[in-house]
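Here is how the chains run, residue by residue.
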Amino acid sequence: MQGKPRPPATAGEAISRMDQYVALGLIGQQEVAQLLGLNVTDLTCLGHILGAGESPLSAGDLAELTHLTTGAVTGVLNRLERAGYARRRPDPADRRRVRVVADPAAAARIVAVYEPFYARLGSVFAEYTPDEVAVIADWFGRATEEMRAHLAQVRAGELRPVAP
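For clarity, every value in this text was computed on a predicted model and none was experimentally measured.

A. Structural detail: the packing of helix α2 (residues 40-52) against helix α3 (residues 59-66). Remark: α2 packs on α3, axes separated minimally by 10 Å, with the N-to-C direction vectors making an angle of 120 degrees. When the axis of α2 is compared with that of α3, the two are oblique. In the packing of α2 onto α3, the handedness of the crossing is right-handed. Contacts from Cys-45, His-48 and Ile-49 in α2 reach Leu-62, Leu-65 and Thr-66 in α3.

B. Main features of a nonpolar patch on the surface. A cluster of nonpolar side chains, contributed by Ile-15, Met-18, Tyr-21, Val-22, Leu-26, Phe-117, Tyr-118, Trp-139 and Phe-140, occupies part of the molecular surface with about 910 Å² of accessible area. For the nonpolar patch, the leading source of residues is helix α1 (residues 11-35), giving five residues. Mapped onto the secondary structure, Leu-26 falls in helix α1. When its relative accessible area of 58% is taken as the criterion, Leu-26 is described as exposed.

The rules behind the values
Residues numbered from 1 in each chain as written. Predicted model: local features only at pLDDT ≥ 70, side-chain atom pairs only at ≥ 80, totals over all residues. Heavy atoms only, no water. Axes fitted to C-alpha atoms, helices over the stretch in contact; angles between N-to-C directions. Helix = DSSP H or I, 4+ residues; strand = E, 2+ residues; numbered from the N terminus. Parallel < 35°, antiparallel > 145°, perpendicular 65-115°, else oblique. Left-handed = near helix turned anticlockwise from the far one by under 90°. Contact = heavy atoms within 4.5 Å. Patch = residues over 30% accessible without salt bridge, like charges linked within 9 Å, V, L, I, M, F, W, Y side chains within 5 Å. Areas by Shrake-Rupley, 256 points an atom, 1.4 Å probe, with all protein chains shown as cover. Salt bridge = Lys/Arg side-chain N within 4 Å of Asp/Glu carboxyl O. Buried < 20%, exposed > 50% of the residue type's maximum accessible area, 1.4 Å probe, protein only.

All quantities given are derived from atomic positions and should not be read as evidence of function.
Shown next, in the form of structure tokens:
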């Protein structure tokens with residue numbers, strides 16, 4: 001496959017488009033969470049639980065991935081269990097720990113909501129060469145690490161808004 005010619009773009013234009021995508025994604029996550037009877041934090045955690053697949057996460061893993069306290073994760077897991085989306089099960093290697101798994105029926109409900117969007121994205125990726133997709137995947141991976149570093153600065157109180 002050969003890539004399509006694309007109009008030139010500056011880093012600033014790319015960041016502006018990213019900002020638009022992220023802003024719309026935030027609104028979309030809120031609406032999907034509401035549709036599923038969850039809040040956005042619980043939906044985000046459920047996404048990590050589903051993403052873990054055959055390697056279920058511990059509550060500590062989930063806290064680390066989401067930068068939530070273990071107490072907050074306990075509340076999330078309690079709500080996800082009450083809503084029927086996930087359940088705790090003992091860790092076979094260490095019975096003092098628990099692992100979190102998604103309920104299969106709940107996972108199917110979530111897939112039904114997200115699959116049409118992922119199909120659309122698949123169509124977009126189909127217009128790129130494998131090398132172009134590799135660049136996009138690399139960019140998202142690296143941008144994610146930069147976001148983690150930025151969030152660490154925000155949480156550490158290293159960044160402050162400019163006073164008016």
